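If you want the building blocks of each chain, they are given just below.
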Amino acid sequence: MIYLALLLSVLLGFAVATLLKDRLKNNMPLLLAFSGAFLLSVTIFEMLPEVFEHYNKRFGLFIMLGLLLQIFLDFFSKGAEHGHVHVHGNEKQVQFPWLIFLSLSIHAFLEGIPVQGHNGVFYGILIHKIPIAMILTLFLIDGQLSKSKIALFLCSFALMTPLGALAANKIAFFDTYEPEINAVVIGVLLHVSTTILFESSKDHKFNLAKLLTILLGTALAYFI
């Protein structure tokens, strides 16, 4: 059920984006803010305390490696992980965006590693993937890709997080080095969630609706 839910979250985002398109633009910043706040909160409430049970300076290094890895992936994905990707003016992309796909796939695979055994993280990833799938769908449509290429991109992307969860469950390497790998994932999630919070408002300004949305996401993450 975990694997299926992670897969369906991307397909749900695709379906909503396809049906609503322009109607999403006004509400997308709040949806992103909620997902960012929820994801950041469950990372801090669940994953950080667990990693720091094994605390030594080395685990801080792995968290920083995760942050740096996500910065590196952002360079190729154009910030799609936090809803920043879009087509500018005449930059119409009709070829398959391989660099974006590969960097997003690595990110999505890493997201799947800690979902089993961390209910809050599972829900955080689930909520996070829906608006990201919407934004990716709109980006690919604006880029004038064929329907078959859009379907290939999104279906392949949708499989990455369940594959990460499956690998963590079945491959001994992930069990042996679980604290170190989770620390890397924490760095990735910290970068993505905090970037979402700062980029989901016009001109990076907070307003009451966004503040309430962030508080709601944080509260739900705490009590989940």
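Look a little higher up for the structure.
In this text the structure is predicted, and so the values were computed from the model without any measurement.

Description of the overall build of the protein chain
- Counting secondary structure elements, the protein chain contains nine helices and zero strands.
- Start at the N end of the protein chain and walk to the C end: the helices and strands fall as α-α-α-α-α-α-α-α-α.
- Counting all 224 residues of the protein chain, 49% fall into the buried class.
- Across the protein chain, contacts joining residues at least 24 apart in sequence account for 85% of those joining residues at least 6 apart.
- Accessible surface for the protein chain amounts to roughly 11400 Å². Of this, 68% is attributable to carbon and sulfur atoms.

Some thoughts on the pattern of salt bridges
- All told, the structure shown has two salt bridges when counted by the stated rule.
- Across the pair Glu-180 and Arg-58 runs a salt bridge whose closest N-O atoms are separated by 3.0 Å. Here the residue Glu-180 occupies a position in helix H8 (residues 178-199), and Arg-58 occupies one in helix H3 (residues 57-77), the gap between them amounting to 122 residues.
- Exposure remark for Arg-58: the relative accessible area of 38% places this residue in the partly exposed category.

Here's the deal with the environment of Ala-108
- Turning to its location among the elements, Ala-108 is positioned in helix H4 (residues 98-112).
- Setting aside chain neighbours within four positions, we find Ala-108 in contact with Lys-129, Phe-157, Met-160 and Thr-161.

Procedures and definitions
- Residues numbered from 1 in each chain as written.
- Predicted model: local features only at pLDDT ≥ 70, side-chain atom pairs only at ≥ 80, totals over all residues.
- Heavy atoms only, no water.
- Helix = DSSP H or I, 4+ residues; strand = E, 2+ residues; numbered from the N terminus.
- Buried < 20%, exposed > 50% of the residue type's maximum accessible area, 1.4 Å probe, protein only.
- Contact = heavy atoms within 4.5 Å.
- Areas by Shrake-Rupley, 256 points an atom, 1.4 Å probe, with all protein chains shown as cover.
- Salt bridge = Lys/Arg side-chain N within 4 Å of Asp/Glu carboxyl O.

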